[in-house]
Amino acid sequence: MNDSGAVIIGAYIKITGVQDKQVFNAISNEQGHFSFQNLKGSNSAYDISVSYIGYSKYTLQNYKVNTSGENKLKITLSATANDLSQVVVIGYGTVKKPDITGSVSIITTKDLQNQPATRIDQMLQGRAPGVYIKSTNGAPGSPTTIRIRGSRSISATNEPIYVIDGVVDPGGTNLNSINPDDIESIDVLKDASTTAIYGSRASNGVVLITTKKGTPGKESFHFSTNQGFSDLVKKPKMMNAKEFIDFINEDHTYSGTALLYPTQNSIDSILNIVGPNGTNWMDAATQRASFSSYELSTSGGIAGNHGYTYFLSGNVVDQEGIIRNTDFKRYQARFNFTKNFSSKVSLGLNLNVSGTNQNLNNINLGSNSGWYISYLFIPPTMPIHKADGSYETYNPIWYTGGNIDNPVAIEDKITNKAAVNNMLGNFYLQYEPFAGLKLKSTLGVNLINQRTNYYSPTDMPSKIANNNMIGSASSDSYNTLSIINENTATYTKSFKDHHVDFLFGTSYQTKKVDRLYASASGLTNDITQFNNLGVALQDNRGIASNLDENTVVSFLGRANYDYRKRYYLTFTARRDGASNFADSKKWGFFPSGAVKWRIANESFYENSKIKDVMSDLAVRVSYGLSGNQGISDYQSLASLSSNSSAYIFGTSQSLVLGYTQGQVANNTLTWETTGQLDIGLDAEFLNGRLNFTADYYHMLSKDLLLTVQIPAQTGYGSRLENLGKSLNEGFDFSVSGDVIRGRDFRWTASINISTNKQTVTDIGPLTKVLLDGGIGYGIQTSFLEKGVPLGANYGVDYAGTWKTQAEVDNELAKSTGDRQYVSVPANYRPGGPKYVDYNHDGNLDATDYHYLAPANPTMYGGFGSTLSYKRLSLDFFFQFNTGNKQFNAMEFFAGMGTGLTNQMEYMVNRWSAENPNSDIPSVESRDNIPGSRLLHNASLLRLKTAQISYSLKGLFAKNIIKDLNVFVSGNNLLLWTKYNGFDPETNSGGSSSTIVATDNGNYPNSRTITFGANLNF
């Protein structure tokens, strides 16, 4: 029983003979009883241990047994905070780690303490086997992309779903609202046995986030603070002013235009203004940014049939961005509460409220589309300010020269703010009519109000220069309401050596998103900005609105069985109905099964000597189906699209608003389905001192959702189809344990390594499908093709430069089928880039583009250690990935000699008449061809976190302060990579399902160092 007198069902009892070491096991039944019969008389004493989830382990040594009669023993287990190294949170329940039959990665708050990060996903990079996490950009509060065991989908999402205290959040929209210090554990469900309970949304994995609860009888007050700064880790190497002057004069000489700096006096004049190195626009636009965080919490409770627990916390975060005038502020509070009304009835509440405010980035960070105003591309000979102190506007290399708003002016003048208010709550009521049966009903609400306001004032420098002093503004508002109701029944029963538990339930979730957008231009003053858009003339106003709704209805069930904690069976099934598919295809069924053999509990193993070394050993196998319905709403329905010039009416032949065909109906559209096989091995050495887990997985996804072109005569351009298959397979390994356990010194270490191989195995009648166009200027770097990984890098093999005109003439003299090298027509000249003619047709075009390298790593993981000596502790963690490559899109301008932008430093060694052997293209070689020269090794090794802490516990104010810990902590501290951009861990594709490795002007990642303290009262 527990310390409140209630019986405990399913407790695991183990007795070991003191003399012969023979082991017996039992499980408590619905009355809390257990029994052992026919104990050998050779033992007069036994060591007894009892364990159960949520309770401290009970041990009793040398218990004397009366071998001729009956022995009675009453055992009371004391409630404690979940021992998260032994408890795994799974869908709609928990299970002890030794009893789990599927593949789950477990991360606890102990692994993440004191990290200077605002989002929990940023803190998980490299820490979970099989989970690859990549930053989309480094702006404060920005999300990541997460791939659990690779990418499967093309047009549907590849992101996992998040379940936060039981509330399903498919897109992870609430991660900015949660304080990482409030989180107790994160459990990542990876195989079909564990994910199938979430059915049609679980093929990409499930991330379960459990927040902290109070502990009965343990009152606690906690305060922590973190203060520090962030800066750039790495910068691309660009030309300085002197190098640029030489380059741009050479460019103008080649182009036959007047030199920008024709005389030494003109060169000296500009260098006197900007200095010998010129304007460093990266330094001008970035800053050393401050970081500040405060957190206060209290928790506790009272045990018993009328007891309760509570956890109350508040958090304030203020983080500046390394791009000037960008930041992220969060104000957050949480209240978690449980209450027992009797031994049978209880309720619980988890409530999180937050408000975030962000100043968003406004400058171009290096994208091809913004080359003329980017802080990477503007010439270093352009000063920030004029002599009178006003902003310089004249860009001498914007074609023949023109007025722009330079990056510093944009940062100082433009307003771009985002505010988000969020309430995430979950309430449950539980009734236990008799021992073993629990009925639970939950209601979850997720309410998000979001508004983004933008204003460009009348006095922007380029507007002054062009005598066009008008302002522009916009306001964009979203309201999201998601409601989920789930009702479950769980039944647990133990009889003799058998243990079973069953789960049955229903789920209903609906989500509604409405949007209102308005804009205005031609504003003549800056007084009201975006707060009175109606003052603009009607022709200068814009307005848009839309409403999206979807619903998922589900029936779910799970059955677990084990015999003597040796043989385990798990069967899971979920039937989902989703509104965003065709009428005849809305329902799907997703079953799974798993078996496990815990070899260490076999009698032959328990009595063997290997048990002393390998204390636990188990193998498990699972297979099942899960789905993916991560597409936009209404994709199966026909639609009409508004068009302001759709019809011509009247004698004046005026164009008027009308509706035209928008989307063709698809009556067969349904979800993707992934079948996954997982084979795993779990081993424990030296009674838990060392733990090892290995998994092999094989995932086949079919009915992939893909947007395909359809014949133009239908009146439509494309539609979403279920077409194709993909394959993912690989291994996950993890090892953790105590290397040294000394009285004063302790060293714990962990490492995880994962491999992934992904392949498109079928795309129906299609042969090659273009996936991206985000770089611009017709540059195509990713295609879908059978036998190639999803999102792979495509292009042509770079073959250096044409060294002489004779070499060019000799190649062009060959018949087209015999040519080995090709170029765009303008680059058949000395110094022009040449490429291998892949299809041997004598021309360079998209038909030559072929698979070059994977965009996703083939191996990734992390490793770290914690070393503690008395009061001093050092903790560090490295993440790594290898096998992937990435295009640095800025090089399509800055690495190809165009006179429109500054160039990367290596262009100093470009081909020229004085440097005729160089394989770096000459001036004016820009051709928008994705050559392998611009595709870089994106492997990396990063010192992700490091921390030094010192405990002052017991040194002063012992009656008030229970513990005091001071620390220095860092995030993204060091980076080793061959990539020549800011950081290979970036993605211009954002949350794109397939584009995961494009660097086209992203907010760079930063290094953060903080100083802090934790106090417990």
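Small disclaimer: the values here were computed from a predicted structure and weren't measured.

(A) Main features of the overall build of the protein chain. Within the protein chain, the regular secondary structure consists of 10 helices and 52 strands. A compact globule built from 1017 residues would reach a C-alpha radius of gyration of about 31 Å, and the protein chain, at 32 Å, matches this within 12%. Structurally, the protein chain occupies a C-alpha span of about 110 × 70 × 65 Å along its principal axes. Counting over 1017 residues, the protein chain shows a buried share of 53%. Taking the contacts inside the protein chain whose residues are at least 6 apart along the sequence as the reference set, 69% of them involve residues at least 24 apart.

(B) Examining the pattern of salt bridges more closely. Under the defined criterion, the tally for this structure stands at 36 salt bridges. Between aspartate 678 and arginine 620 there is a salt bridge, and its shortest N-O distance comes to 3.4 Å. With aspartate 678 in strand 31 (residues 672–685) and arginine 620 in strand 28 (residues 614–628), this residue pair connects regions lying 58 residues apart in the sequence. Look at aspartate 678 and you get buried, because its relative accessible area is 1%.

(C) Summary view of the nonpolar core. In this structure, Ile120, Ile186, Tyr198, Val206 and Ile209 are the most contacted members of the largest nonpolar core, which totals 41 residues. Ignoring any residue separated from it by four or fewer positions in sequence, one finds isoleucine 186 in contact with Ser105, Ile106, Ile107, Leu112, Ile120, Leu124, Val207, Leu208 and Ile209. Ala139, Met282, Tyr375 and Met904 belong to the second largest nonpolar core, which has 33 residues in total.

(D) Summary view of the sheet that holds strand 48 (residues 935–937). Taken in spatial order, the three strands line up as 48-47-51 in an open sheet, and their pairing is mixed. Edge strands, defined here as strands with exactly one partner in the open sheet, are strand 48 and strand 51 (998–999). Alignment of strand 47 (residues 885–888) against strand 51, held across two bridges, turns out to be parallel. Across the sheet, residue asparagine 888 finds its bridge partner in strand 51, namely aspartate 999.

(E) Representation of the environment of isoleucine 75 within the structure. Summarising the element assignment, isoleucine 75 is placed in the loop between strand 4 (58–64) and strand 5 (87–90). For isoleucine 75, a relative accessible area of 10% corresponds to the buried category. Here the alpha-carbon distance between isoleucine 75 and threonine 286, two residues 211 residues apart in the chain, equals 64 Å. Isoleucine 75 has contacts with Met1, Phe34, Val50 and Tyr58, leaving out every residue within four places of it along the chain.

(F) Representation of helix 4 (residues 264–274). For helix 4, every residue scored as buried is listed here: Ile267, Ile270, Leu271 and Val274. The arc enclosing the buried residues of helix 4, seen along the axis, measures out at 100 degrees, which places them on a common side. Projecting away from the buried face of helix 4 at angles above 90 degrees are the exposed residues Asn265, Asn272 and Ile273. Summarising the contacts, the buried residues of helix 4 are in contact with helix 3 (241–255). After helix 4 finishes, the residue glycine 275 shows a positive phi value of roughly 90 degrees.

(G) Here's a closer look at the UniProt feature "domain: TonB-dependent receptor plug" (unreviewed entry) in the protein chain. UniProt records the feature "domain: TonB-dependent receptor plug" (unreviewed entry) for residues 98–206 in the present numbering. Between the C-alpha atoms that bound residues 98–206 there is a distance of 20 Å. The span itself is 7% helix and 28% strand.

(H) The arrangement of unusual backbone geometry in detail. Residues other than glycine seldom take positive phi values, yet lysine 496 does so here, at roughly 55 degrees. With respect to the helices and strands, lysine 496 occurs in the loop between strand 23 (471–495) and strand 24 (498–523). Residue class for lysine 496 comes out exposed when judged on its relative accessible area of 75%. Phi is positive for tyrosine 777, which is not a glycine, with a value near 55 degrees.

(I) Focus on the pairing of strand 15 (residues 289–302). Of all the 14 residues making up strand 15, 10 are buried; the element is thus mostly covered by neighbouring parts of the structure. Sheet topology places strand 14 (residues 220–232) next to strand 15; 11 bridges connect them, and they run antiparallel. Across the sheet, the residue bridging to threonine 225 is tyrosine 294, located in strand 15. Of the pairings in the sheet, the one linking strand 15 to strand 16 (residues 308–320) comprises 12 bridges and is antiparallel in character. Paired with serine 293 across the strands is valine 317, a residue of strand 16. The loop that links strand 15 with its antiparallel partner strand 16 comprises five residues; one of these, glycine 304, has a positive phi angle of about 120 degrees.

(J) A nonpolar patch on the surface, seen in detail. On the surface, a nonpolar cluster with roughly 590 Å² of combined accessible area is contributed by Leu872, Leu874, Ile948, Tyr950, Leu955, Phe956 and Val966. As for its placement among the helices and strands, leucine 874 is situated in strand 46 (residues 872–882). Overall, leucine 874 belongs to the partly exposed group, its relative accessible area being 34%.

(K) Quick look at the packing of helix 3 against helix 4. For the pair helix 3 and helix 4, the least separation of the axes is 11 Å and the interaxial angle reads 145 degrees. Helix 3 and helix 4 meet at a crossing whose hand is right-handed. Contacts between helix 3 and helix 4 involve Ala241, Lys242 and Ile245 from the former and Ile267, Ile270, Leu271 and Val274 from the latter.

(L) Summary view of the packing of aromatic side chains. Using the criterion set out here, one finds 31 aromatic pairs in the structure. Here the aromatic rings of phenylalanine 731 and phenylalanine 733 are separated by 5.9 Å at their centres, their planes lie at 10 degrees, and the arrangement is stacked. On the numbers, 5.1 Å between centres and 15 degrees between planes, the contact of phenylalanine 863 with phenylalanine 878 is stacked. Of this pair, phenylalanine 863 sits in strand 45 (residues 859–869) while phenylalanine 878 sits in strand 46, and the two are 15 residues apart along the sequence. The exposure class assigned to phenylalanine 878 is buried, which follows from its relative accessible area of 16%. It is arginine 127 that lies over the ring of phenylalanine 877; its NZ or CZ is 4.1 Å from the centre. Just above the ring of tyrosine 428 sits the side chain of lysine 440; from NZ or CZ to the centre is 4.5 Å.

(M) How the structure looks around the sheet that holds strand 43 (residues 833–836). Strand order in the open sheet made by the three strands is 41-43-42, with antiparallel pairing throughout. In the strand order of this sheet, the two ends are held by strand 41 (798–801) and strand 42 (821–822), each with one partner. Taken together, the two bridges between strand 41 and strand 43 define a ladder with antiparallel strand orientation. Within strand 43, the residue paired with threonine 801 across the bridge is proline 833.

(N) Here's a closer look at the side chain of glutamine 509. Its place among the elements puts glutamine 509 in strand 24. A polar side-chain atom of glutamine 509 sits 3.3 Å from a polar atom in the side chain of serine 482. Setting aside chain neighbours within four positions, we find glutamine 509 in contact with Val168, Arg201, Ser482, Ile483, Ile484, Asn550, Thr551 and Val552.

(O) Representation of the environment of serine 200 in the model. By secondary structure assignment, the location of serine 200 is in the loop between helix 2 (192–195) and strand 13 (206–211). Considering only alpha carbons, one finds serine 200 and aspartate 405, 205 residues apart in sequence, at a separation of 48 Å. Residues within four places of serine 200 in sequence aside, it is in contact with Asp576, Phe590, Gly627, Asn628, Gln629 and Trp671.

Conventions adopted
Each chain has its residues counted from 1, following the order in which its sequence is written. Reporting in this predicted model follows two pLDDT cut-offs: at least 70 for local features of residues, and 80 or more for side-chain atom pairs to be given and counted; totals over whole chains, interfaces and linings ignore these cut-offs and use all residues. As a rule here, side-chain values cover all heavy atoms of the structure and leave hydrogens and water aside. Only DSSP runs of H or I reaching four residues or more are called helices, and only runs of E reaching two or more are called strands; each is numbered from the N terminus. Note on method: radius of gyration uses C-alpha positions; expected globular size equals 2.2 Å times residues raised to 0.38. Throughout, exposure labels follow a simple rule: accessible area from a 1.4 Å probe, protein chains only, divided by the maximum for the residue type, with under 20% read as buried, over 50% as exposed, and the rest as partly exposed. Should any heavy atoms of two residues lie within 4.5 Å, those residues are counted as being in contact. Just to be clear on terms, a salt bridge is a Lys or Arg side-chain nitrogen sitting within 4 Å of an Asp or Glu carboxyl oxygen. What is meant by a nonpolar core is a set of buried Ala, Val, Leu, Ile, Met, Phe, Trp, Tyr and Cys residues, joined one to another through side-chain atoms within 4.5 Å. For two strands to be treated as a pair, DSSP must find at least two bridges joining them. Arc, as used here, means the arc of the directions from the helix axis to the C-beta atoms. UniProt positions are given in the numbering used here, feature names are shortened, and annotations may be inferred rather than shown by experiment. Residues form patches when they are more than 30% accessible in relative terms and have no salt bridge. Like charges link within 9 Å. Nonpolar side chains (Val, Leu, Ile, Met, Phe, Trp, Tyr) link within 5 Å. The method behind every accessible area is Shrake-Rupley, applied with a 1.4 Å probe, and residues are considered shielded solely by the protein chains displayed. Fitted lines through C-alpha atoms serve as axes, helices being fitted only where they are in contact, and the angles separating the N-to-C directions of these axes extend from 0 to 180 degrees. Handedness of each helix crossing follows the sense of rotation of the near helix against the far helix: counterclockwise by less than a right angle gives left-handed, clockwise gives right-handed. Aromatic rings from Phe, Tyr and Trp, taking only the six-membered ring of Trp, are treated as a pair when their centres fall within 6.5 Å; an angle between ring planes under 30 degrees marks them as stacked, one over 60 as edge-to-face, and anything in between as tilted. Put simply, a charge is over a ring when the Lys NZ or the Arg CZ is close to the ring centre, within 6 Å, and near the line of the ring normal, within 35 degrees. Counted as a polar contact is a pair of N or O atoms within 3.5 Å, where, for protein atoms, one must be capable of donating a hydrogen and the other of accepting one, and residues adjacent in sequence contribute only when both atoms are in side chains.

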